[in-house]
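Commentary on secondary and tertiary structure
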Amino acid sequence: MLRRAALVALFIGLGLAWGSSFAQISEGSKLVVYTYESFVAWGPAKFIKTEFEKQHPGIEVEFVATGPSRAMFARLVNERISGGTPADLFLGEVNDVPRAKKFGLFTPLKPEEIPNLRSVPKDLLLDPDLTIVPYEHGFITLVYDSTKLKPEELPKTFEDLTKSQYQKKLIVQNALTSSVGQSFLFWTIYNYGEGRYLDYWRRLLPSILTIQPGWSAAYKLFTKGEAPMIVSFSTDECFDARYKPLLLNSQGYRTIFGASVIKGTDNPKLAREFINFLLSPEVQEKLPDTEVMFPANSQAKIPDQWRTCAVIPPNPVIIPLEYVAENADRWLDEWARLVVTGR
Amino acid sequence: MRRWGGEQLLLALPMLFLVVFFYGPIANLLREGLTKDGAFSLEFLWTVLTDDYFRYVILFTLWQALLSTLASIALGLPLAFILTHYDFPLKRVVRALTIVPFVLPAITVALGFALLFGRNGYLNQFLMNLFGLSEPPLPIMYSLTGIVLAHAFYNAPIITRTVHAAWERLDPRYEESARALGASRFFVFKDITLPMILPGLLSGAALVFIFCFLSFPIVLSVGGGRFSTIEVEIYTRVVTRLDPQLVNYKIGAALALVGLVLSLAVTYLYLRLQGGLARQTEQLRPRSTAPLFAGVRDLLYPTKLLLWLYVLCSVILFVGPVLAIVVDSLREETAEGARWTLRWYSYIFTPNYEALVGDSPLRAIINSLSFGLGATAIAVPLGLIFAYVIARLRWAGRRLFDTLLMAPLATSSIVLAFALLRAFNAPPLRLVGSSTAVIIAHAVIIFPFIVRALVPILESLDVRLTEMARSLGAGRFRALREIELPLVATGLIAGAVFAFALSLGEMSATLMLARPGLSTMPVAVYRFLSQHSLGAPSAMSVVMIAVSAIAFILLERWGERALRF
């Protein structure tokens, strides 16, 4: 009886699982794309897969997205140091991979290899060697709940935000685990400089209700009324008219997403064609609705309602990538020590 | 001594399995923390042990784990008492359901807690309305209190289950005799009951301590970024702050080594304690139970009143967050206000849904169940063999061996995930992206529970029974099957169900090893959260709760029937 039961369980378990799939390592006919989960979860991934496969018969596109872009990068590095990676392409936030060059994981590209790059504005091209090709961008700003705060009650500067009237009124993301949180930290460093940003954060902490590990969980708490302000995107109003952007110091911190070809891919030509397709107007015009981001291609049409709901801050700012690559580790370390120990 | 050969052979296969799929990969990764430029170096370990910040993090990790364990005992013990002494409708179902919290993804629990205990949560809103307050009176969320309560939500059921199992086996005549001889209730509990249930309590507490010690998504979400534990540090260093020289990676590995040594030390301590406390109990008469609710006059007895107060508190803590999730999955915020809706359920079950490339929620349910069954099917024989060896053989160093067997349980989930990724990525084990990899990973993670559930029972088993069977001509296997297995059946089922639950809830290794098409239920919850569909993760969580609850109830029933003949 027992033996039979154990055998049945064994067969159910193994049979079902074994049958489903077996180890698949990158082959010539397959393009494996590592990306962050939201690109797959509500982004344009499905459209891209369908269309690209239609244009390239016999080719299969596989998206692997088991975490935010930093986690995917960690997976890439771990695979590279153990036995090689099946990935051909990597899509992620540029501040998450500022040191990608030093890892030597990405291939530099030439502008003529990506024809659609002609329509991408120069200020988005953060990497002169083109190891990262930008395909969409946006602005990190504060967003407030207009049913909870009146316009005259809003902070206008970073300094305002530290006032006692905003005690526990702000939700931010963890700079160690979230791209948005990291951008917010870099933004304060942009304004206060290396010398004074920690002092600013010391004064800001009482205004912060919670530092959440990711944007999604933080946004959920915001919509549930836990706090009236959150660090988010300048395009949030397009999604829900109650939530409006709030520009501190008239700024917004740039967030740019880029695509890279993995060094050693057996499909370099196909990978470049994929990036070019990503930059084509037909994909780019999908980005506002699916990613809630601005397309990098200036030829791409933007939905009409975006003219009113998607705010482009008067002063978009960003710390240069090579400066970030040099210092990010120390900044994150100092920041973590401050918020955890309070010192 | 003659039979040593056979036993060693019996041990060789599972040991090989563990070396290949656990010790090897883990050692390979931890080695990173002990090398610099390819040579042995204590630099990173030294940094971790001497730096003020790391010391703060290590001490905080121990402190929150201690508080969480105490809270779990405080909340889990009374329920064990109720389950042992009282009868109430659906008691078996309630007992089976106590394990449900265990499978919930941390993001679901964090959300349930926020909806219930948050500043704008039901409890604070209720109290503010009741007393006309302008500020939320209970600052539970985003604090150490929140972390401790969330850990208790997960882990109090462990205390309940281990203590309840010990209490049921305790012969009530000991207590009855003491009472008859004039001892007060308190002294009976202190001098008779407590010492007898202590092994169960301690083993549960040690498990809880280790789980809380290693917990990290709860710390990150319920506590928030102002709290950091060893596990959080490992995660941020190994995953989010990689540098080309791999300095953070190596610091992470060194931290993992410190964490592993600490949690193994706890394991060893508890095995020693348990060994010293183990008693042979032969229960001859089942315990009589009284109805929990005997009428309104219950409220006149202070002890009964206290019990009801506990029931109220535990309903708020254990049922509240789950109920809040259920409500959230049925609500929709619109410009005109919130309203009831089923759209999140139709949303997650729409087959041609634009998102989730290659993974439908239905697929995730099937994957979860088949991975869980597959892993349990590997873990049960594995655990049985080890438990048998530990309980039956008297050899020096068996406690140490036992401790080492518990290592998968005491290992950081992130480290295990990366170790297996690295191991499964290199020939000859190129298994990354296959369901085999996920099932093996789960089996490695869960088999210690089978061992833990069986060893105490096998140790307290009367050896004479087996000897009698053998002397009457039964073979070794037949004695095992017909004498020992039926006697340990309850423990084996409890362990298997627990192991199955652990597999259902596992996320780190699954995420790391899975490719599209291999998502499990917690992964689907996590996926839905990263969409702009606010009620969908809650709806998926409710589906997950329902599927696991049914699975646990069926598994317990089916298991009892299969083993009780």
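Residues numbered from 1 in each chain as written. Chains lettered and ligands numbered in written order. Predicted model: local features only at pLDDT ≥ 70, side-chain atom pairs only at ≥ 80, totals over all residues. Heavy atoms only, no water.

**Section: the pattern of salt bridges**
Pairing is possible between side chains of opposite charge, provided their charged atoms come close. Quick note on the threshold: We define a salt bridge as a contact between a side-chain nitrogen of Lys or Arg and a carboxyl oxygen of Asp or Glu at a distance within 4 Å. Helix and strand definitions follow DSSP, with helices as H or I runs of at least four residues and strands as E runs of at least two, each counted in order from the N terminus. For each residue, the accessible area found with a 1.4 Å probe, counting protein chains only, is set against the maximum for its type, and the residue is called buried under 20%, exposed over 50%, and partly exposed in between.
Here the structure, examined in full by the defined rule, presents 37 salt bridges over all chains. Residue R254 of chain A pairs with D123 of chain A through a salt bridge whose shortest N-O separation is 2.9 Å. Of this pair, R254 of chain A sits in strand β9 (residues 251-261) while D123 of chain A sits in the loop between α5 (100-103) and β4 (133-145), placing them 131 residues apart in sequence. Ionic pairing is found between E233 of chain B and R237 of chain B, a salt bridge with its closest N-O pair at 3.1 Å. In this pair, E233 of chain B and R237 of chain B both sit in helix α11 (residues 230-240), four residues apart, roughly one turn of the helix. Given a relative accessible area of 1%, E233 of chain B falls into the buried group. Because the salt bridges share partners, they merge into one network encompassing D333 and R337 of chain A together with D51, E233, R237 and R241 of chain B.

**A closer look at the side chain of Q173 of chain A**
Residue and element names in this part refer to chain A. Using the following cut-off: Two N or O atoms form a polar contact when they lie within 3.5 Å of each other; inside protein one atom must be a possible hydrogen donor and the other a possible acceptor, and for residues adjacent in sequence the pair counts only when both atoms belong to side chains. Any pair of residues with heavy atoms lying within 4.5 Å of one another is described as a contacting pair.
As for its position among the elements, Q173 is in strand β5 (residues 170-173). In terms of polar contacts, Q173 uses its side chain to reach the backbone carbonyl oxygen of V231, at 2.7 Å. In contact with Q173, not counting residues within four places along its chain, are S178, V180, G181, I211, Q212, G214, W215, A218, I230 and V231.

**Some points on the environment of A205 of chain B**
All names here are of chain B. Among the secondary structure elements, A205 is positioned in helix α9 (residues 185-214). The exposure class assigned to A205 is buried, which follows from its relative accessible area of 10%. Between the C-alpha atoms of A205 and A387, which are 182 residues apart in sequence, the distance is 20 Å.

**Things to note about the packing of aromatic side chains**
We count it as follows: Centres within 6.5 Å are what make two rings of Phe, Tyr or Trp a pair, Trp counting through its six-membered ring; a difference in plane orientation under 30 degrees is then read as stacked, over 60 as edge-to-face, and the rest as tilted. Note on geometry: a ring has a charge over it if NZ (lysine) or CZ (arginine) is within 6 Å of the ring centre and within 35 degrees of the ring normal.
For the structure shown, the criterion picks out 52 aromatic pairs over all chains. Between F22 of chain B and Y23 of chain B, the aromatic rings sit 5.1 Å apart at their centres with planes inclined by 75°, giving edge-to-face as the arrangement. In this structure F22 of chain B comes out as buried when scored by relative accessible area, which is 2%. Looking at Y23 of chain B, the relative accessible area reads 22%, which means it is partly exposed. Ring-pair connections join several aromatic residues into one group, and the members of that group are Y36, F39, F52, F63, Y135, F257, F274 and F277 of chain A. The residue whose ring lies beneath R331 of chain B is W340 of chain B, and the NZ or CZ to ring-centre distance is 4.5 Å.

**A word on the nonpolar core**
Our working rule: For the purposes of this section, nonpolar cores are sets of buried Ala, Val, Leu, Ile, Met, Phe, Trp, Tyr and Cys residues that join through side-chain atoms within 4.5 Å.
F73, F106 and W201 of chain A are the most contacted members of the largest nonpolar core, which totals 296 residues. Among the elements that make up this core, the one with the highest residue count is helix α19 (residues 435-460) of chain B (17 residues). Among residues more than four places away in sequence, those in contact with F106 of chain A are F73, L76, F90, V97, A100, T131, I132, S260, V261, I262 and K263 of chain A. The next biggest cluster of nonpolar side chains, apart from the first, holds eight residues, and it includes A41, F139, F294 and A310 of chain A.

**Considerations on the state of the cysteines**
Note the following rule: Any two cysteine sulfur atoms within 2.5 Å of one another count as a disulfide.
Applying the stated rule across the entire model yields one disulfide over all chains. One disulfide bridge connects C238 of chain A with C309 of chain A, the sulfur atoms lying 2.1 Å from each other. Here C238 of chain A and C309 of chain A share a disulfide; its torsion about the S-S bond, 100°, makes the bridge right-handed. Taken together, the positions of C238 of chain A in the loop between β7 (229-233) and β8 (243-246) and C309 of chain A in helix α11 (residues 306-309) put the pair 71 residues apart, joining distant regions of the chain. A disulfide-free cysteine, C212 of chain B has its sulfur positioned 19 Å from the sulfur of C313 of chain B, the nearest such atom. For C212 of chain B, a relative accessible area of 0% corresponds to the buried category.

**Digging into the domain arrangement of chain B**
Residue and element names in this part refer to chain B. Convention followed: In this entry, domain limits derive from an automatic or database-based domain assignment. Here's the idea: put two parts together, see how much 1.4 Å probe accessible area each one loses, and the total over both is what we call buried area.
Under the domain assignment used here, chain B contains domain 1 (1-36 + 354-565) and domain 2 (62-227). Relative placement of domain 1 and domain 2: their C-alpha centres are 24 Å apart. Interface area for domain 1 against domain 2, summed over the two sides, is near 2,200 Å², with a carbon-plus-sulfur share of 76%. On inspection of domain 1 and its partner domain 2, the count reaches zero salt bridges. Linking domain 1 to domain 2 there are one residue pair in polar contact (both at pLDDT 80 or more). Those elements that provide at least two residues to the side of domain 1 that touches domain 2 are α17 (407-410), α18 (413-425), α19, α21 (476-505), α23 (521-529) and α24 (536-564).

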